[in-house]
Amino acid sequence: MADPDLEPLLADEGGDELWLISYADLLTLLLGFFVLLIAASPVKLSRFERLADAISGKNDAPLVDLKEKVDQLIQKENLTEKVVTREDLDGLAIEFKDAVLFDSGSADLRPEGREVIAKLAGMMGTLPNRPVTIEGHTDDVPVRAGRFQSNWELSSQRAINVLGFLEASGLPKRQMAIKGLADTKPIARSGTIDEQRAANRRVVIRVE
């Protein structure tokens, strides 16, 4: 039989532990809420790979390997001032200054650009079924002459032509898409107006 003098203490101890039940219920609800958020939103494979790398402490995700190969190609072709790579939440971005691929106001790929794009297609072909988006960007100077009536048309046609050559070089069209963005996504950087405009004239091949 319990000591009557201890009964109030035992009752207090039981009451103090009741908050743990509410706390556990709250954590369960929060966990379920975040699971629903993740399940309801599209999560890109590249983000899972980066998370896995962070947890494991390794650096062997497929896009990391692709970036290293592309960087080696850039060094070999002496394109360090004209082509850059960067990783972000959307995957690997390979950014070309427009002069590498096109003459001013033109959407026809230059021979030098075709050679680099063909080599890139071979590298990206080692990662089958990875979505590839080609983005065309221009500066904010309106098109005044030539075959294109606006920067929308110019940026779109450049992206289309890069896609077409990637396909001709062996990359399946089912995994590719294009975006013609004109001057709506400028790069934030310092410098003169001419330098800023030159930076914004670019094509970005994004591998997710």
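Residues numbered from 1 in each chain as written. Predicted model: local features only at pLDDT ≥ 70, side-chain atom pairs only at ≥ 80, totals over all residues. Heavy atoms only, no water.

> Would you mind showing me how to read the layout of surface pockets here?
A water-sized probe, rolled over the atoms, reveals where empty space remains. The space that makes up the largest pocket amounts to roughly 300 Å³. If you go around the largest pocket, you meet 17 residues; those closest to its centre are Ser104, Gly105, Val143, Asn151 and Leu154. Of all the elements, helix H6 (residues 151–168) adds the most residues to the lining of the largest pocket, at 3 residues. Here the lining of the largest pocket is built from residues that sort into 6 nonpolar, 5 polar and 6 charged. (1 Å grid on protein atoms, 1.4 Å probe; cavity = no way out; pocket = protein on both sides within 12 Å on 5 of 7 lines; lining within 4 Å. Points joined across faces, edges and corners; volume = space filled by probe spheres on them. Helix = DSSP H or I, 4+ residues; strand = E, 2+ residues; numbered from the N terminus. Nonpolar A, V, L, I, M, F, W, Y, C, P; charged D, E, K, R; others polar.)

> Sorry, what's going on with the nonpolar core here?
Here is a general trend for soluble globular proteins: nonpolar side chains tend to be buried in one another's company. Counting 33 residues, the largest nonpolar core has Phe96, Leu120, Ile134, Val162, Leu166 and Ile205 as its most contacted members. Among the secondary structure elements, those contributing two or more residues to this core are helix H3 (62–76), strand S2 (91–97), helix H4 (98–101), helix H5 (111–124), strand S3 (132–137), H6 and strand S5 (202–207). It is H5 that contributes the most residues to this core, 6 residues altogether. (Core = buried A, V, L, I, M, F, W, Y, C linked by side-chain atoms within 4.5 Å. Buried < 20%, exposed > 50% of the residue type's maximum accessible area, 1.4 Å probe, protein only.)

> Looking at this structure, I do not really get the sheet that holds S2. What am I missing?
Note on sheets: strands pair through backbone hydrogen bonds, and any given pair is parallel or antiparallel. Strand order across the open sheet formed by 5 strands is S1-S2-S5-S3-S4, with mixed pairing between neighbours. The open sheet is flanked by strand S1 (83–88) and strand S4 (176–180), the only strands paired with a single partner. Strand-to-strand twist in this sheet, taken as the mean axis angle between neighbours without regard to direction, amounts to 20°. The sheet contact formed by S2 and S5 spans 6 bridges and is antiparallel. Looking at S5, one finds that Lys97 is bridged to Arg202. Along the sheet, H3 makes contact with S1, S2 and S5, crossing S1 at roughly 165°. (Pairing = 2+ DSSP bridges. Axes fitted to C-alpha atoms, helices over the stretch in contact; angles between N-to-C directions. Contact = heavy atoms within 4.5 Å.)

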